[in-house]
Amino acid sequence: MPIRSLPLLMFAVIGLVVAAEVDYPLDAPGPDGRRPGGTLTQSMPAPPLANDENKDLKRERNYPDQPPTIPHTIRGYQVDINGNKCLSCHSRANSARSQATMISITHYMDRDGQALAAVSPRRYFCTQCHVAQKEVQPLVGNSFETIDKLLQDDANAAQKP
Amino acid sequence: MQALFRLFKEYWGILWRPSVYYSLGFLTLGGFVAGIIFWGGFNTALEVTNTEKFCTSCHEMRDNVFVELKDTIHYSNRSGVRASCPDCHVPHEWTHKIARKMQASKEVWGKLFGTIDTREKFLAHRRELAEHEWARLKANDSRECRNCHNFEFMDFTRQSKRAAAMHSTSLASGQATCIDCHKGIAHKLPDMRGVPGW
């Protein structure tokens, strides 16, 4: 046997020994939360599709420059080179007829803060920033606190002593 | 084939010769029966062209508008009620139907000469085709939509707030009709530049 393939052989043998000896399960349990139960390689039945939230109630924003979530369904709304269904309600000219919130001035600005005549190309694809919501419970907890809460806590703490 | 032709020639001859042998009663009755047969045959032929299968038998429709319809609510939904091409595109009343069929013959003409035989050519003509449908639905107050969606029976309390707000105002007062607000309900839209409201 040529001496050169000896190291290869040794690696293969060591590999086999190591593989036989692993003392942790290769098939770890799946992360709980999204798909409770099962292991990583197991396919679990998919959860049922949730409905789009369509209550038409604006949600609170967590901070002033948060893009608001979409409070209505957007099924089948076409946004492409041919047209923008969102703007057929949210544009300056159409917002009175549709009673939809007009897109704010930031949507007309280019990246230098220069206001343009029409919607800025970087704001054309609305769902890049605004998303519709589903009728589901949040999968993971969230301990975010708004600035108002922090200020209030501060004020309360100052009053205490 | 030749026998058939002879038969036809004979029949044609009889049709044009003044009657010698047949009674007036037979002639009227015969005419009546023949009328039923021709009328029925005509309408049957018409019905055949009035199915989704016929509409999508040419690739122009199958590869463009039909595939797009398949993602929409009118093809697949929770209740399984669906709209097929003639439901939206062909009037129900006979006179309107015939008028639409005459127009459609022009589209068959387009098919024969390949006006829209590729996706690119179809897209180039799409705005024009869509404008025809918008104009038609606008002129007849969206009659084809209303064959299924009856305003009288819309329960605004069950509609979303946006829908109810629009339907109980502009639609109810007749200022706008379905197609004014629901363009692109079944297919992808053409270039919408210059369309009012877009």
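Residues numbered from 1 in each chain as written. Chains lettered and ligands numbered in written order. Predicted model: local features only at pLDDT ≥ 70, side-chain atom pairs only at ≥ 80, totals over all residues. Heavy atoms only, no water.

Colleague: I tried to follow the interface of chain A and chain B on my own but got confused; where do I start?
Modeller: The accessible area lost on association of the parts is a frequent measure of interface size. Each partner contributes to the interface: chain A provides 16 residues, whereas chain B provides 17 residues. When chain A packs against chain B, the two sides together hide about 1,300 Å² of surface, and 43% of this comes from carbon and sulfur. For the chain A face of the interface with chain B, the top three residues by lost area are Asp56, Arg75 and Asn82 of chain A, together amounting to 37%. Remark: the boundary between chain A and chain B carries one salt bridge. Residues Arg162 of chain B and Asp56 of chain A are paired through a salt bridge, measuring 3.7 Å at the closest nitrogen-oxygen approach. Broken down by secondary-structure element, the contributors of at least two residues to the side of chain A that touches chain B are β2 (83-84) and α3 (95-98) of chain A. Per-class residue counts for the side of chain A that touches chain B are two nonpolar, 10 polar and four charged. (Contact = heavy atoms within 4.5 Å. Buried area = accessible area lost by both parts, 1.4 Å probe. Salt bridge = Lys/Arg side-chain N within 4 Å of Asp/Glu carboxyl O. Helix = DSSP H or I, 4+ residues; strand = E, 2+ residues; numbered from the N terminus. Nonpolar A, V, L, I, M, F, W, Y, C, P; charged D, E, K, R; others polar.)

Colleague: It is not clear to me how the UniProt feature "binding site: heme 3" (unreviewed entry) in chain B should be interpreted in this structure. Could you clarify?
Modeller: All names here are of chain B. The UniProt record marks Cys145, Cys148 and His149 with the feature "binding site: heme 3" (unreviewed entry), using the residue numbering of this structure. The exposed category is assigned to Cys148, whose relative accessible area is 61%. Of note, His149 is situated in the loop between α8 (143-148) and α9 (161-171). Residue His149 is classed as partly exposed on the basis of its relative accessible area of 44%. (UniProt positions renumbered as here; feature names shortened; annotations may be inferred. Buried < 20%, exposed > 50% of the residue type's maximum accessible area, 1.4 Å probe, protein only.)

Colleague: Honestly, α9 of chain B in this entry has me stumped. Any pointers?
Modeller: Given 3.6 residues per helical turn, the α-helix brings residues three or four places apart onto the same face. Of all the positions in α9 of chain B, only Ala164, His167, Ser170 and Leu171 of chain B are classed as buried. Residues of α9 of chain B that are buried in the fold lie against α8 and α10 (178-181) of chain B.

Colleague: Any chance you could explain the UniProt feature "binding site: heme c 1" (unreviewed entry) in chain A here in plain terms?
Modeller: Residue and element names in this part refer to chain A. In the numbering used here, UniProt assigns the feature "binding site: heme c 1" (unreviewed entry) to His72, Cys86, Cys89 and His90. Spanning 19 residues, the annotated positions come together in the fold, the maximum distance between their C-alpha atoms being 12.9 Å. Of note, Cys89 is situated in helix α2 (residues 87-90). What makes Cys89 partly exposed here is its relative accessible area of 26%. Mapping His90 onto the fold places it in helix α2. A relative accessible area of 22% places His90 in the partly exposed class.

Colleague: Got a minute to help me understand the confidence of the model for chain A in this structure?
Modeller: Reading fine detail from the predicted coordinates is not recommended where pLDDT is low. Of all residues in chain A, 88% attain a pLDDT of 70 or more, and the chain-wide mean is 86. Helix α1 (residues 6-21) of chain A is the least confidently modelled element of chain A, averaging 70 in pLDDT, while α2 of chain A averages 95, the highest of any element. (pLDDT = per-residue confidence, 0-100.)

Colleague: Explanation requested: helix α4 (residues 59-69) of chain B in the structure shown.
Modeller: Every buried residue of α4 of chain B is accounted for by Glu60, Asn64, Val65, Phe66, Glu68 and Leu69 of chain B. All buried residues of α4 of chain B project into a common sector of 160° when viewed along the axis, lining one side. (Arc of directions from axis to C-beta.)

Colleague: I keep staring at the UniProt feature "binding site: heme c 2" (unreviewed entry) in chain A and nothing clicks. Help me out?
Modeller: Residue and element names in this part refer to chain A. Here, UniProt's "binding site: heme c 2" (unreviewed entry) annotation points to His107, Cys126, Cys129 and His130. These annotated residues cover 24 residues of sequence, and their C-alpha atoms all fall within 12.4 Å of one another, placing them together at a single site. Excluding its chain neighbours within four sequence positions, the residues that come into contact with His107 are Val119, Ser120, Arg123 and His130. At a separation of 3.4 Å, a polar atom in the side chain of His107 contacts the side chain of Thr106. (Polar contact = N/O pair within 3.5 Å; in protein donor to acceptor, adjacent residues only side chain to side chain.)

Colleague: Could you clarify how one ought to interpret the packing of α4 of chain B against helix α7 (residues 119-139) of chain B in this entry?
Modeller: In helix packing, the relevant descriptors are the interaxial angle and the interaxial distance, both defined with respect to the helix axes. Residues and elements named next belong to chain B. The geometry of α4 relative to α7 is characterised by a closest axis approach of 10 Å and an angle of 70° between their N-to-C directions. Accordingly, the angle class assigned to the pair α4 and α7 is roughly perpendicular. Listed contacts from α7 to Asp63, Asn64, Val65 and Glu68 of α4 are Arg119, Phe122 and Arg126. Residues that form the contact of α4 with α7 fall into these classes: two nonpolar, one polar and four charged. (Axes fitted to C-alpha atoms, helices over the stretch in contact; angles between N-to-C directions. Parallel < 35°, antiparallel > 145°, perpendicular 65-115°, else oblique.)

Colleague: Can you help me understand the domain arrangement of chain B in this one?
Modeller: Residues and elements named next belong to chain B. Looking at chain B, the domain boundaries give domain 1 (1-48) and domain 2 (59-198). Inter-centroid distance (C-alpha atoms) of domain 1 to domain 2 is 40 Å. On the domain 2 side, the residues contacting the five residues of domain 1 number four residues. Summed over both sides, the interface of domain 1 with domain 2 buries roughly 340 Å², with 70% coming from carbon and sulfur. At the junction of domain 1 with domain 2, the criterion picks out zero salt bridges. (Domains from an automatic or database assignment.)

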